[in-house]
Amino acid sequence: MKRREFSLSAASAVAASALTLPVANPAMAQARQFKEGKDFKRLDKPVAPDAPAGKVEVVEFFGYFCPHCNTFEPTLNAWAKTAPKDIVLHRVPVNFNAKTVPMQKLYYTLEGMGKLEPLHAQAFRYIHVERKPLQEDEQVFAWAKGQGLDLPKFKEMYNSFGVANQIRKATQLQQAYDVEGVPSMGVAGRYYVDGTMAGSMENVLRIVEQLAAQVRKG
């Protein structure tokens, strides 16, 4: 079952928990030669990366609703602190159905208000630890108020043209990378990899570094 087919129902949450990706054996992963078409894929049509000259854009496609993304978040944060300095990491919330749109809007509203740290992690916690939904606008507003945010300013940003434009761009990028599920990653507008292809999210990060090195060499 593809992860994009997950609904946000309790039944699907149980199904998702059964699909936790395996953890790689570090020694085996280091010896393994990752192969295009098997462990990762090259995009048929490259996407213009959103990174300065001399930098390599890495995109994480994620969803607050996704249990795998919640599990991967601390690993990604730790990796980002030690990744090569020329890597620029961008997070892109995905849109798989109407119930995911409020969570996309939440991410870009927090970003626009300069409140991603620490509320990005709190949004994951609210859904996966406190087991409360953020599938509707009013649920998001109640959460924002509970976090001590200025609710009128939050609503203004949430419903703004800027956030709508960010969502439009995110959806276009998701389609350009042909995202099958989350968490998954894109590299330099040329490559796509996810845990199902790579075997684990640890392998995904190893592949990302390998591909970034190839891009760096031209």
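What counts as what
Residues numbered from 1 in each chain as written. Predicted model: local features only at pLDDT ≥ 70, side-chain atom pairs only at ≥ 80, totals over all residues. Heavy atoms only, no water. Helix = DSSP H or I, 4+ residues; strand = E, 2+ residues; numbered from the N terminus. Buried < 20%, exposed > 50% of the residue type's maximum accessible area, 1.4 Å probe, protein only. Contact = heavy atoms within 4.5 Å. Areas by Shrake-Rupley, 256 points an atom, 1.4 Å probe, with all protein chains shown as cover. Pairing = 2+ DSSP bridges. Axes fitted to C-alpha atoms, helices over the stretch in contact; angles between N-to-C directions. Parallel < 35°, antiparallel > 145°, perpendicular 65-115°, else oblique. Left-handed = near helix turned anticlockwise from the far one by under 90°. Nonpolar A, V, L, I, M, F, W, Y, C, P; charged D, E, K, R; others polar. Expected span 1.5 Å × (residues − 1). Core = buried A, V, L, I, M, F, W, Y, C linked by side-chain atoms within 4.5 Å. 1 Å grid on protein atoms, 1.4 Å probe; cavity = no way out; pocket = protein on both sides within 12 Å on 5 of 7 lines; lining within 4 Å. Points joined across faces, edges and corners; volume = space filled by probe spheres on them.

Structural notes on the overall build of the protein chain
What the protein chain contains, in helices and strands, is ten helices and five strands. In the protein chain, buried positions account for 44% of the 218 residues. The contacts in the protein chain between residues at least 6 apart in sequence include a share of 71% that link residues at least 24 apart. Total accessible area computed for the protein chain in this model is approximately 11,200 Å², and 53% of it derives from carbon and sulfur atoms.

A closer look at the sheet that holds strand 4 (residues 184-187)
Strand order in the open sheet formed by five strands is 1-5-4-2-3, and the pairing between neighbours is mixed. Each end of this open sheet is capped by a strand with a single partner; those strands are strand 1 (41-42) and strand 3 (87-93). Where strand 1 and strand 5 (residues 191-194) come together, two bridges link them in antiparallel fashion. Residue Lys41 lies in a different strand from strand 5, and its bridge partner there is Tyr192.

Concerning the packing of helix 4 (residues 101-112) against helix 5 (residues 116-128)
It is at 9 Å that the axes of helix 4 and helix 5 come closest, and there the two elements cross at 160°. Considered as vectors, helix 4 and helix 5 are oriented roughly antiparallel to each other. Considering only the axes of helix 4 and helix 5, their crossing is right-handed. Taken together, the residues of helix 5 that come into contact with helix 4 (itself represented by Met103, Leu106, Tyr107, Leu110 and Glu111) are Leu116, Leu119, His120, Ala123 and Ile127. Taken together, the residues that form the contact of helix 4 with helix 5 break down as eight nonpolar, one polar and one charged.

Concerning helix 8 (residues 161-176)
An ideal rise of 1.5 Å per residue puts 22 Å on 16 residues; helix 8 measures up with 22 Å between its terminal C-alpha atoms. Buried residues of helix 8: Val163, Asn165, Ile167, Ala170, Thr171, Leu173 and Gln174, and no others. Of the surrounding elements, those touching the buried residues of helix 8 are strand 2 (56-62), strand 3, helix 4 and helix 7 (151-158). Downstream of helix 8 by a residue or two, Asp178 has a phi angle that is positive, lying close to 55°.

A look at the nonpolar core
Counting residues in hydrophobic clusters, the biggest one holds 38 residues, and the most contacted among them are Phe61, Tyr64, Leu106, Trp143, Phe154 and Val182. Looking at this core, the elements with two or more residues in it are strand 2, helix 4, helix 5, helix 6 (137-146), helix 7 and helix 8. Beyond its immediate sequence surroundings of up to four residues, Tyr64 is in contact with Met103, Leu106, Tyr107, Leu110, Leu116, His120, Ala123, Phe124, Ile127 and His128. Grouped together as the second largest cluster of nonpolar side chains are 23 residues, Phe40, Trp79, Ile87 and Val187 included.

With respect to empty space enclosed by the protein
Summary: where empty space remains is shown by rolling a probe the size of a single water molecule over the atoms. One pass over the structure, following the stated rule, counts one cavity of 30 Å³ or more. What the largest cavity holds in volume is close to 30 Å³. What lines the largest cavity is simply Gly63, Tyr64, Phe65, Pro93, Val94, Thr100, Met103 and Gln104. Counted by class, the lining of the largest cavity contains five nonpolar, three polar and no charged residues.

Regarding unusual backbone geometry
Residue Pro118 is bonded to the preceding Glu117 through a cis peptide linkage, with omega at 10°. Structurally, Pro118 is set in helix 5. Look at the link from Val182 to Pro183: it is a cis peptide, with omega at 0°. Of note, Pro183 is situated in the loop between helix 8 and strand 4. Even without glycine at this site, Asp178 takes up a positive phi of about 55°. Inspection of the secondary structure puts Asp178 in the loop between helix 8 and strand 4. Even without being a glycine, Ala188 presents a positive backbone phi close to 55°.

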